[in-house]
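Structure assessment
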Amino acid sequence: MSLRRRRAHESDDREIAELAALADGSLGPERRAALEAEVAASPELADCLAEQRLAVAFARSAAEQVEAPSGLRARIDAERSSIRARSPRRLALAGAGAAAALVLAVGVGVAVLDSGSSAETLHAALGPTGLAPNAGGTATLTKTSSGWRISLDATGLPRLDGERFYQAWLRNASGALVPVGSFNEGVDVTLWSGVSPKDFTTLTVTRERNDGDQDSSGEKVLVGTVSAAG
């Protein structure tokens, strides 16, 4: 292979590796903004990023959307690490297929080890407020032995960094608020609650600032009601 072709090949590998890191949230902030700008300007990169995100979604669906026994979850984590350790080019070509196979393996394992049981799941459709009229989202709340896992996906919320962030809350009929986690942007967010969403049935998201005040700012950008309906 000529030097020019080898350098082009290495450049492609680095680009695909960075896209994979962007898809799973592990890309450093110093490179993130520049790569997002490149993706916005290139339909080819945008398609590649979409494929990477699909692979990540499959893998996370396998490991996080079912309550697998601890031994099986350990094997899932090991397989995920193995996939990431492969060459970036191979990951780009086979990531979705490997992740889909992982989903199937988890489903079979859970069926064998825990047939007849399923995780209790609730849902919430999140609507906009006057502070974020173009925002919207959905949340899936899954009961686990550790608490309620909340998988949130939202659109229309600009990324907040530095001293600013988003905070999610569960509220009951009396108005009591329980914080369930903070995040910077609304894509593929995982939150946790130690209280039952059957009792705390309102899910809200506010804009917050790192000012030492642990109370809600009241700047709501999303609000929705938890229900059993899908």
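Residues numbered from 1 in each chain as written. Predicted model: local features only at pLDDT ≥ 70, side-chain atom pairs only at ≥ 80, totals over all residues. Heavy atoms only, no water.

1. Some thoughts on the sheet that holds strand E1 (residues 121-128)
Taking strand neighbours across the sheet as the criterion, the eight strands line up as E5-E4-E7-E8-E1-E2-E3-E6 in an open arrangement whose pairing is antiparallel. Both outer strands of the open sheet, strand E5 (177-183) and strand E6 (189-193), are each paired with one neighbouring strand and no more. Here the average twist between neighbouring strands, direction ignored, is 25°. (Pairing = 2+ DSSP bridges. Helix = DSSP H or I, 4+ residues; strand = E, 2+ residues; numbered from the N terminus. Axes fitted to C-alpha atoms, helices over the stretch in contact; angles between N-to-C directions.)

2. Observations concerning a negative patch on the surface
A surface patch of negative charge is lined by Glu-163, Asp-211, Asp-213 and Asp-215. You can see Asp-211 is positioned in the loop between strand E7 (202-209) and strand E8 (220-227). (Patch = residues over 30% accessible without salt bridge, like charges linked within 9 Å, V, L, I, M, F, W, Y side chains within 5 Å. Areas by Shrake-Rupley, 256 points an atom, 1.4 Å probe, with all protein chains shown as cover. Salt bridge = Lys/Arg side-chain N within 4 Å of Asp/Glu carboxyl O. Lys, Arg positive; Asp, Glu negative; His and termini not counted. Charge placed at Lys NZ, Arg CZ, Asp CG, Glu CD.)

3. A closer look at the packing of aromatic side chains
The description of an aromatic ring pair rests on the distance of the ring centres and on the angle between the ring planes. Following the criterion strictly, the structure yields one aromatic pair and no others. Aromatic side chains Tyr-166 and Phe-183 sit 5.5 Å apart centroid to centroid with 25° between the ring planes, which places their arrangement in the stacked category. A residue pair is termed long-range when its members are at least 10 positions apart, and Tyr-166 in strand E4 (residues 164-171) and Phe-183 in strand E5 qualify at 17 residues. Residues Tyr-166 and Phe-183 agree in their burial class; the two are buried. (Phe/Tyr/Trp six-rings, centres within 6.5 Å; stacked < 30°, edge-to-face > 60°. Buried < 20%, exposed > 50% of the residue type's maximum accessible area, 1.4 Å probe, protein only.)

4. What about the environment of Ser-193?
Looking at the secondary structure, you find Ser-193 in strand E6. Leave out the neighbours within four places in its chain, and Ser-193 touches Gly-147, Trp-148, Ile-150, Leu-170 and Val-180. Among the polar contacts listed, one links the side chain of Ser-193 to the backbone oxygen of Val-195, at a separation of 2.7 Å. (Contact = heavy atoms within 4.5 Å. Polar contact = N/O pair within 3.5 Å; in protein donor to acceptor, adjacent residues only side chain to side chain.)

5. Quick notes on the nonpolar core
Core analysis: the largest hydrophobic core is formed by 26 residues, its most contacted members being Leu-141, Leu-152, Leu-157, Phe-183, Leu-191 and Val-205. When residues of this core are traced back to their parent elements, those giving at least two are E1, strand E2 (136-144), strand E3 (147-155), E4, E5, E6, E7 and E8. Apart from the residues within four sequence positions on either side, Leu-141 is in contact with Glu-120, Thr-121, Leu-122, His-123, Ala-124, Trp-148, Arg-149, Ile-150, Pro-197 and Val-226. Ala-21, Leu-35, Val-39 and Leu-49 belong to the second largest nonpolar core, which has 11 residues in total. (Core = buried A, V, L, I, M, F, W, Y, C linked by side-chain atoms within 4.5 Å.)

6. Regarding the pairing of E5
Looking at chain direction, E4 and E5 are connected through six bridges and run antiparallel. Each bridged residue has a counterpart across the sheet, and for Arg-171 the counterpart in E5 is Leu-177. From the end of E4 to the start of E5, which pair antiparallel, there are five residues, and Gly-175 there has a positive phi angle of about 95°.

7. Structural notes on the pattern of salt bridges
For the structure shown, the criterion picks out eight salt bridges. As a salt-bridge pair, Arg-159 and Asp-161 come within 2.8 Å of each other at their nearest N and O atoms. On the basis of relative accessible area, Arg-159 is assigned to the partly exposed category, the value being 35%. Taking the relative accessible area as the measure of exposure, Asp-161 reaches 44% and is therefore partly exposed. The partner of Arg-207 in a salt bridge is Glu-219, and the shortest N-O contact between them spans 3.3 Å. A residue pair is termed long-range when its members are at least 10 positions apart, and Arg-207 in strand E7 and Glu-219 in the loop between E7 and E8 qualify at 12 residues.

8. Description of the confidence of the model for the chain
Of all residues in the chain, 67% have pLDDT values of 70 or greater, and the mean over the chain is 79. Element-level pLDDT for the chain is lowest in helix H5 (residues 88-113), with a mean of 47, against a maximum mean of 98 in E4. Low pLDDT, under 50, characterises residues 86-94; the stretch is placed with 16 contacts to residues that sit more than four places away or in other chains. Considering only residues more than four positions removed or in separate chains, one finds that residues 108-116, a stretch of pLDDT under 50, has six contacts. (pLDDT = per-residue confidence, 0-100.)

9. A short note on the pairing of E3
Of all nine residues in E3, seven are buried, a share of seventy percent or more. Pairing geometry for E2 and E3, over nine bridges, is antiparallel. Looking at the pairing, Gly-136 lines up with Thr-155 of E3. As consecutive antiparallel partners, E2 and E3 are separated by two residues. One ladder, built from five bridges, connects E3 with E6; its direction is antiparallel. In the sheet register, Trp-148 faces E6, and the bridge partner there is Ser-193.

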